[in-house]
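Observations on the three-dimensional arrangement
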Amino acid sequence: MDFYTQYRYLIVPFVTWFCVQTFKVLWELATTKKFNFKRIIGAGGMPSSHTAIVVSITTMVGRSQGINSVIFAVSLIFSLVVMYDACGVQRQAGKQARILNDIVNTPGLSTVQVREKLVEALGHTPLQVIVGAIVGFTAGMLF
């Protein structure tokens, strides 16, 4: 058994994540003319790399084990939870961070001293999650 075949359930999701995150860095460079290396590990943005990862695994499991298998069901439920979290909980946390940053930065509105700005780009829009799912499905089908 060759290395790829033995470890494909690790390799494909990792490569998918790396490609999506690299795309985000290059897209930001193209649109803002600024290189932001933090995008390679940061959350948020188009497309959702978390979604791409879990959907690639789910697709690969469905192809190899069948969609009636227990492991496919577990993988599918896991994928749906991750996508819900990316679109719901994380997105709301990002919105709250934006509001809190505005409050702290408004003179006379708050006496709170903050040393660092809260991260606002946490979650994803539904479109970012859908595109991440398409990328993950494609990666899972191709490899």
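Bear in mind that the values here come from a model prediction, so they are computed numbers and not experimental data. (Residues numbered from 1 in each chain as written. Predicted model: local features only at pLDDT ≥ 70, side-chain atom pairs only at ≥ 80, totals over all residues. Heavy atoms only, no water.)

1. Observations concerning the overall build of the protein chain
Secondary structure summary: the protein chain contains five helices and zero strands in total. When the helices and strands of the protein chain are read in sequence order from the N terminus, they spell out α-α-α-α-α. Buried positions account for 29% of the 143 residues belonging to the protein chain. Long-range contacts, defined as pairs at least 24 residues apart, comprise 67% of the intrachain contacts of the protein chain with a sequence gap of at least 6. When the accessible surface of the protein chain is split by element, carbon and sulfur atoms take 70% of a total near 9,500 Å². (Helix = DSSP H or I, 4+ residues; strand = E, 2+ residues; numbered from the N terminus. Buried < 20%, exposed > 50% of the residue type's maximum accessible area, 1.4 Å probe, protein only. Contact = heavy atoms within 4.5 Å. Areas by Shrake-Rupley, 256 points an atom, 1.4 Å probe, with all protein chains shown as cover.)

2. Describing the side chain of Gln21
Topologically, Gln21 is positioned in helix α1 (residues 3-32). According to the relative accessible area criterion, Gln21 is buried, its value standing at 0%. Not counting residues within four places of it along the chain, the set of residues in contact with Gln21 comprises Arg39, Ile40, Ile41, Gly42 and Ser49.

3. A few points about the side chain of Gln128
Turning to its location among the elements, Gln128 is positioned in helix α5 (residues 126-142). Looking at Gln128, its side chain comes within polar contact range of the main-chain nitrogen of Thr125, at 2.9 Å. (Polar contact = N/O pair within 3.5 Å; in protein donor to acceptor, adjacent residues only side chain to side chain.)

4. Side note on the packing of helix α3 (residues 70-87) against α5
Describing two packed helices takes the angle between their axes plus the distance from one axis to the other. Look at α3 against α5: their axes get within 9 Å of each other, and the N-to-C directions meet at 150°. In terms of their interaxial angle, α3 and α5 are classed as roughly antiparallel. The element α3 and its partner α5 pack so that their crossing is right-handed. Across the interface between the two elements, Met83, Ala86 and Cys87 of α3 pack against Pro126, Val129 and Ala133 of α5. In the contact of α3 with α5, the residues fall into six nonpolar, no polar and no charged. (Axes fitted to C-alpha atoms, helices over the stretch in contact; angles between N-to-C directions. Parallel < 35°, antiparallel > 145°, perpendicular 65-115°, else oblique. Left-handed = near helix turned anticlockwise from the far one by under 90°. Nonpolar A, V, L, I, M, F, W, Y, C, P; charged D, E, K, R; others polar.)

5. What to know about the environment of Ala73
By the secondary structure assignment, Ala73 is in helix α3. Among the residues examined, Ala73 registers a relative accessible area of 39% and is labelled partly exposed.

6. Section: the packing of helix α2 (residues 49-65) against α5
Across the interface, α2 lies against α5 with an axial gap of 7 Å and an inter-helix angle of 40°. For the element pair α2 and α5, the recorded crossing hand is right-handed. Two secondary-structure elements touch here, α2 through Thr51, Ala52, Val55, Ser56, Thr59, Met60 and Arg63 and α5 through Val129, Gly132, Ala133, Val135, Gly136, Phe137, Ala139, Gly140, Met141 and Leu142. Class assignment for the residues of the contact of α2 with α5 results in 10 nonpolar, six polar and one charged.

7. Some points on the nonpolar core
Counting residues in hydrophobic clusters, the biggest one holds seven residues: Val54, Val55, Val82, Met83, Ala86, Val129 and Ala133. Among the elements of the structure, α2, α3 and α5 are those that each provide at least two residues to this core. Looking at this core, the element that brings in the most residues is α3, giving three residues. If we ignore the near neighbours within four places in the chain, the residues touching Val55 are Ser79, Met83, Ala133, Gly136 and Phe137. (Core = buried A, V, L, I, M, F, W, Y, C linked by side-chain atoms within 4.5 Å.)

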